[in-house]
Amino acid sequence: VFDLVGGAALRTVASLVDDRSRLRSVADKPLVAELGGADVARDRSTAVLAELARLVAAGGLDPHVTRVVGFDDARAALAAVERGHEAGKVVLEIG
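Predicted, not measured: the structure shown is a model, and the values here were computed from it.

Caption draft 1: Just the pattern of salt bridges, in detail. On inspection of all chains with the given rule, the structure shows four salt bridges. Of the charged contacts, one joins R54 and E51 as a salt bridge, the two residues approaching to 2.7 Å between their closest N and O atoms. Here the residue R54 and the residue E51 both occupy positions in helix 3 (residues 46–58), the gap between them amounting to three residues, near one helical turn. By relative accessible area, E51 is classed as partly exposed at 35%.

Following this line, the structure appears as structure tokens:
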């Protein structure tokens, strides 16, 4: 299991995993360790971002963009994301 949320969601999925050493989280390092799994270090380097962009452009990775909004609507879009009302990625269009 690769967790991106942490907290209660991580506890819930951990109960479904027979071998908790296979549990990974980028969101909740203390809890995943407590549950017997491991954290995943984030690498936000230019090389990683370039590879992600290449994969998306080649069709090998779908970031699941569900909405594109203008920069003027950024505040409302962020509020919707924080309330959990977005099922995928929200992209801000600048320009």
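Once the structure has been displayed, the description carries forward.
Caption draft 2: Representation of the pairing of strand 5 (residues 89–93) in the model. Bridge analysis of strand 4 (residues 65–70) against strand 5 gives five bridges, and the strand direction is parallel. Residue pairing in the sheet places V68 in a bridge with V91 of strand 5. The parallel pair strand 4 and strand 5, bridged by helix 4 (residues 74–82), forms a crossover whose chirality is right-handed.

Caption draft 3: Spatial organisation of the nonpolar core. By size, the foremost hydrophobic cluster in this structure holds seven residues: L10, A14, V17, L23, L31, V32 and L35. For this core, the elements supplying multiple residues, two or more each, are helix 1 (7–14) and helix 2 (29–34). Sequence-distant contacts of L31, defined by excluding residues within four places in its chain, comprise G7, L10 and R11.

Caption draft 4: Unusual backbone geometry, seen in detail. In the Ramachandran plot, H64 falls in the positive-phi region, its phi being about 55° despite a non-glycine side chain. Here H64 lies in the loop between helix 3 and strand 4.

Caption draft 5: Representation of the environment of L78. Considering the arrangement of structural elements, one finds L78 in helix 4. Between the C-alpha atoms of L78 and A14, which are 64 residues apart in sequence, the distance is 29 Å.

Caption draft 6: View of the sheet that holds strand 3 (residues 38–39). In spatial order, the strands read 1-2-3; together these three strands make up an open sheet with parallel pairing. Bordering the open sheet on either side are strand 1 (2–3) and strand 3, each of which pairs with just one other strand. Summarising the sheet, strand 1 and strand 2 (residues 24–25) pair through two bridges and their orientation is parallel. Bridging from a neighbouring strand, D3 pairs with S25 of strand 2.

Caption draft 7: Broad picture of the environment of D73. Positionally, D73 belongs in the loop between strand 4 and helix 4. Here the alpha-carbon distance between D73 and G84, two residues eleven residues apart in the chain, equals 17 Å.

Conventions used here
Residues numbered from 1 in each chain as written. Predicted model: local features only at pLDDT ≥ 70, side-chain atom pairs only at ≥ 80, totals over all residues. Heavy atoms only, no water. Salt bridge = Lys/Arg side-chain N within 4 Å of Asp/Glu carboxyl O. Helix = DSSP H or I, 4+ residues; strand = E, 2+ residues; numbered from the N terminus. Buried < 20%, exposed > 50% of the residue type's maximum accessible area, 1.4 Å probe, protein only. Pairing = 2+ DSSP bridges. Right-handed = clockwise from strand over helix to strand, strands pointing away. Core = buried A, V, L, I, M, F, W, Y, C linked by side-chain atoms within 4.5 Å. Contact = heavy atoms within 4.5 Å.

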